[in-house]
Amino acid sequence: MEDRSDRIDVQVTVGDRVAQVRVAGEVDIATVAAFRSALWSAPARPVVQLEMSELRLLSAAGVRALLAAHLRIRARGGELVLVDPTPVVARVLRATGLHRVMTILEPARVVEAARRPVPAGLVGAPRRSVPAGAAHRPPAATTGRLPVAA
């Protein structure tokens, strides 16, 4: 599936264990329907990867769609993994707290993760809580590319 406009480009590629959604451009109130449609149309797989390296903007409408997709995929027993968000998008993920809810990978870790089998008990498993005083540190799966608050 492919959805193109002058402000957003969304493509879905389906493999045996992974569905990959690539989004480029801007996700805002005018383009969120195409973004949401692509995430909803991704077939059930253990992992849905959202490739964000060309995403320039993620608005509040995009954050809501992303969270809804995360909950929907998790309810089906899968996991939504965010891949290589741009610095602007990474700031939005940190400001909204989504970096604590969803796994964020950089390209080198995606290759490494793809080579390892996903244990059945891990897919859709609840996240561990962050200890007090550690809230400023990103979770283990978060990349070093995320900006750290000064």
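The model shown is predicted, which means the values in this text are computed figures rather than measured ones. (Residues numbered from 1 in each chain as written. Predicted model: local features only at pLDDT ≥ 70, side-chain atom pairs only at ≥ 80, totals over all residues. Heavy atoms only, no water.)

1. What to know about helix α2 (residues 60-75)
When the terminal C-alpha atoms of α2 are compared, their 23 Å separation across 16 residues agrees well with the 22 Å that a helix rising 1.5 Å per residue should span. Residues A61, G62, V63, A65, L66, A69, H70 and I73 constitute the buried set of α2. Residues of α2 that are buried sit in contact with β3 (18-27), α1 (32-41), β4 (47-58), β5 (79-83) and α3 (87-96). A positive phi of about 90° marks G77, the residue just after α2. (Helix = DSSP H or I, 4+ residues; strand = E, 2+ residues; numbered from the N terminus. Expected span 1.5 Å × (residues − 1). Buried < 20%, exposed > 50% of the residue type's maximum accessible area, 1.4 Å probe, protein only. Contact = heavy atoms within 4.5 Å.)

2. Regarding the pairing of β5
Within β5, four of the five residues are buried, leaving the element largely enclosed by the surrounding structure. Bridge count between β4 and β5: five bridges; the pairing is parallel. If you follow Q49 over to β5, its bridge partner there is V81. Crossover β4 to β5 through α2 is right-handed. Inspection of the sheet shows β5 paired to strand β6 (residues 103-105) by three bridges, in the parallel sense. From the neighbouring strand, V83 faces β6, where its bridge partner is L105. (Pairing = 2+ DSSP bridges. Right-handed = clockwise from strand over helix to strand, strands pointing away.)

3. Side note on unusual backbone geometry
Despite not being glycine, D84 shows a phi value in the positive range, around 50°. Note that D84 resides in the loop between β5 and α3.

4. Focus: the packing of α1 against α2
The geometry of α1 relative to α2 is characterised by a closest axis approach of 10 Å and an angle of 10° between their N-to-C directions. Classed by the angle they form, the pair α1 and α2 counts as roughly parallel. Here V32, F35, R36, L39 and W40 of α1 lie close against α2, whose contacting residues are A61, G62, A65, L66, A68, A69 and R72. Residues of the contact of α1 with α2, tallied by class, amount to nine nonpolar, one polar and two charged. (Axes fitted to C-alpha atoms, helices over the stretch in contact; angles between N-to-C directions. Parallel < 35°, antiparallel > 145°, perpendicular 65-115°, else oblique. Nonpolar A, V, L, I, M, F, W, Y, C, P; charged D, E, K, R; others polar.)

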